Every structure is written in C-alpha cells, then in structure tokens.
Amino acid sequence: MQEGYNPEKINEEEKNHRIFKRYFVFFLAIFLLIGSFWIGYTSGIQKQLSENQLYPLGKTSVENKDPARGTEVDFSIFWKVWDLLKEKHVDQKSLDAQKMVYGAIKGMLEATDDPYTSFFDPKEAESFAQDIEGSFEGIGAELGIKDDILTVIAPLDGSPSQRAGLLAGDKILKINGNITSDLTIDKAVELIRGKKGTEVILVILRKGEEETKEIKIIRDTIEIKSVEVEFKENNIAHLKIIQFGEKTTKEFDAAMKEIISRNSPAIILDVRNNPGGFLDKSIEIASRFIPRGKTVVIEEDAAGKRDNLYSIGGDRLGGMKTVILINEGSASASEILAGAMRDNLGTKLIGKKSFGKGSVQELIPLPGGSSVKITVAKWLTPNGDYIMNKGISPDVEVELTAEDFKNEKDPQLDKALEIVREMMK
C-alpha cells in the first residue's frame, strides 16, 4: 500500500469518473479563434431544427402562458411584451418565435453577471462540437473576462494571433471597430472568428502601456496540439502542456516514456498560456506526479458542501526533480495542476501570477440541439485556496516582456533551468 493511500476514500477512481461525467472545468475564455476550447462537451447533437426554418410569431402557439403569478416574480410581463410584438411590430411577419425564445434565454443567463454561464443555440452548439475535434478556422487565441474587460487569456503556440504579437493579458477594446464593453463573450467570439485568409482588426491595451495599439490578424486553420517535449542540456526535459484536451493524457504518457527512457534528471513542466480543458485530464496528469489517494482539487457547491477529487495512481514521475512554469495565460485546469503539485509535493512555481479561474461548469444538452452551460461549483486547491480572480502566485517571479518575445528570449525558462541545475547538485 502506498503512503497517503486511504482505503476509506476508495473507490476514488470510480468517484472521480462519476463526477467527471457531470462536470468539467470550462475556461470560457473561448477560443477566439476560434471556436472555443470546449471542455467537457460530448458530441452527438441531433440537429432537429433546420437553419433556415422560420417560426412566424403570429402563427406560433405558446404553452404555459397564463400569468399564474407567484409572490416573488411577475413573469406575466414577459408574455405581455411577447403579445405586444405580435400585435404592434411593424415587421412582425419576419419575426422568428424560436429565435426570440433563444434570445430571451440568453438574456436571462446574461443577467446572472456570470460570464461562464451561457446558452448555445443549435448552430452555436454544432460549431463548438466541431471545434473540440481540434481543427478550426480563426486566429488561435482564447478570451476571458478580467476585471470586466475582454482579455486575451492565451494565444496558441504558432497561431496567427501569436505571430501578430498578441500577448496573454492584452485587453481587447475594439473588434473591427465594435467597442467590446457592449459585447458578450459569445458576440466577441462571433466577431473575431472567421474564414481562413480573412482579416480581423483588434484594438488592444497592453499592461504597462498608456497608448492603445491596433493589431491586424489574418485568420487561418488552427490545429490544436496538447503536449510537446524537448531536451535541454544534460537531458533536462522541457515538457509543455498546451491544453487539457481529449488526447492530452495519451500524448503526455508518450512524452513521459521518452523522458524515462532518456534518464532525464529533471523536468520543467510548462503550462504557460495553457487556458485549461478537461478536469479529468488535469487529474490524470497530476497523478503522474502525485501518489494515489492524495487530494488534487476540492469542489464546493452552492450549499458549501465540499467534494475532494483524488489522484488515481501511476505516479511514475513522482521522484523526479520538477519545477512548473506559469503565467497570466495559465488558467483553469492548468491552475488545478499547478496548485495540486504545489500543495502536495512542494513543487516550485516560476513565472507570473496565473489567470485565476476557480469555477466549475456543467454543460446540459437541451431539446432541439441547443445546450446550456451553468456554473455549478467553485474549486479550491488541496490546501483550500480559492484562486478565482486572484490566481496563483509563483514562488519565483520572472517577467517576460514583449521585447523578450520579439527577440526570441525566454528569461522565465532560463530561470527554471537555473533552478533545476541547483536542485540537481
């Protein structure tokens, strides 16, 4: 029996699997690309509604229309406005009742002021389902809301957004002339993504700068990779996890075998600009380092009930000297991994403070091929640290400037190499 293994908490793997079927960590940053990195979305949407099918408002019947007003909410006002549109709108023959219902649902969810709770109509849901397959057309970046401002979470490696100079933390003020303060995340994504070869113009404000700048980006086909490994001097492994997708564990295990076969003395685990992904994948990767039965992440629901998710074993890298690189683009599942290794193993974090995405969403399929994503819980690190909005601070803070990027310098990686060399002595 391994140290730290608690038989009373088993079957953890079955427990984790049950929870994974219900929840996923979704970094609504969405691929502005993009088509969102849809964590947790299962395929199989049945397209029951034709894209061009119109539901004339005047000929559409509505069930459960009676006010039946309760003591708290007067829902009859909704139907009052619905009837006024039918009666008075100058172009009511062109009004689509189904689109109006979808719009009303979106408005209801926007009123929660939670950017991670949203509704997807059948067309949007189908588009996102295609995106999760790993190839789409856009600019290759991901968006989120930070301090109520549309923010670049992470440009993908080798993407059009990265080549154009977009950086994690950039505030997007305009998209093709549209002021973003008036846009939802979904609308921003809609404006930014597009066909290969077309151009999108972003006006951004960069941290530490007073003047805005305009960045022109040519959209392209985006291929998403999960894991890359290269070997530095003395076979030190630079192991980069780009996202936590369907193939991440398989790709990670292949890289792990290569690291072991080369007798690497240390690992630099790089989750910079990793926007997150599947919750179960982050736990599987954490389990490659952390012994079975240790808490990887804690979920807390609206009632304050906490549920621990445990490592599932297979910690073949647990004895290796390891440091982790994080930055402002490290979010969600990558923060879970960094927090779990810090709290369980004392792994040193290097770079900049992470993004701070500490909530869990559940994706629920709806009739007609639509779906709704609702924030159902928050997550905490094993030591009980809630990182929402505040992020995880590194043990060793190292800046990587736009000038460094332009000159192909990486002082954060250089510092990590310096630290692991000291650890190896």
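Residues numbered from 1 in each chain as written. Predicted model: local features only at pLDDT ≥ 70, side-chain atom pairs only at ≥ 80, totals over all residues. Heavy atoms only, no water.

Asker: Talk me through the overall build of the protein; I want residue IDs and the actual numbers.
Answerer: Summing up its helical and strand segments, the protein has eleven helices and 19 strands in all. Going through the 425 residues of the protein one by one, you find that 49% of them count as buried. Taking the intrachain contacts of the protein between residues at least 6 apart in sequence as the baseline, contacts between residues at least 24 apart amount to 71%. Of the accessible surface of the protein, which amounts to about 20,600 Å², a share of 48% is contributed by carbon and sulfur atoms. (Helix = DSSP H or I, 4+ residues; strand = E, 2+ residues; numbered from the N terminus. Buried < 20%, exposed > 50% of the residue type's maximum accessible area, 1.4 Å probe, protein only. Contact = heavy atoms within 4.5 Å. Areas by Shrake-Rupley, 256 points an atom, 1.4 Å probe, with all protein chains shown as cover.)

Asker: How would you explain the side chain of lysine 240 if you had to name every residue and give the values?
Answerer: Following the sequence through the fold, lysine 240 ends up in strand β11 (residues 237-241). In this view, lysine 240 contacts Asp157, Ser226, Val227, Glu228, Asp270 and Arg272; residues no more than four positions away in its chain are not counted.

Asker: Report on the packing of aromatic side chains, specifying residues and quantitative values.
Answerer: Under the definition given, this model contains five aromatic pairs. Each ring, one from phenylalanine 78 and one from tryptophan 79, has its centre 4.8 Å from the other, and the planes form 90 degrees; the classification is edge-to-face. Of the residues examined, phenylalanine 78 reaches a relative accessible area of 28% and is grouped as partly exposed. Cluster of aromatic residues (ring-pair linked, three or more members): Phe78, Trp79 and Trp82. Over the face of the ring belonging to phenylalanine 355 we find lysine 146, whose NZ or CZ atom lies 4.5 Å from the ring centre. Positioned over the ring face of tyrosine 116 is lysine 357, at 4.9 Å from the centre of the ring. (Phe/Tyr/Trp six-rings, centres within 6.5 Å; stacked < 30°, edge-to-face > 60°. Lys NZ or Arg CZ within 6 Å of the ring centre and 35° of its normal.)

Asker: Describe unusual backbone geometry, with residues and values.
Answerer: Positive phi outside glycine occurs at asparagine 263, with the angle close to 55 degrees. Secondary-structure assignment places asparagine 263 in the loop between α7 (248-261) and β12 (266-270). Using a relative accessible area of 65% as the deciding quantity, one classes asparagine 263 as exposed. Residue glutamate 408 is not a glycine yet carries a positive backbone phi of 55 degrees. Secondary-structure assignment places glutamate 408 in the loop between α10 (402-406) and α11 (411-424).

Asker: Run through the sheet that holds β11, naming residues and quoting values.
Answerer: Taken in spatial order, the six strands of this open sheet run β10-β11-β12-β15-β16-β19, and their pairing is mixed. A single partner strand is all that each edge strand has here, and the edge strands are β10 (227-231) and β19 (396-397). Here five bridges tie β10 to β11, and the two strands are oriented antiparallel to one another. Residue pairing in the sheet places glutamate 228 in a bridge with lysine 240 of β11. The strands touched by helix α9 (residues 333-345) are β11, β12, β15 (321-326) and β16 (348-351); relative to β15, the strand with the most contacts, the crossing angle is about 140 degrees. (Pairing = 2+ DSSP bridges. Axes fitted to C-alpha atoms, helices over the stretch in contact; angles between N-to-C directions.)

Asker: Can you explain the environment of asparagine 389? Please cite residues and give values.
Answerer: Summarising the element assignment, asparagine 389 is placed in the loop between β18 (371-380) and β19. Overall, asparagine 389 belongs to the exposed group, its relative accessible area being 55%. When the C-alpha positions of asparagine 389 and glycine 356 are compared, they lie 4.3 Å apart, and in sequence the two are 33 residues distant. Excluding residues that lie within four positions of it along the chain, asparagine 389 makes contacts with Lys146, Phe355 and Gly356.

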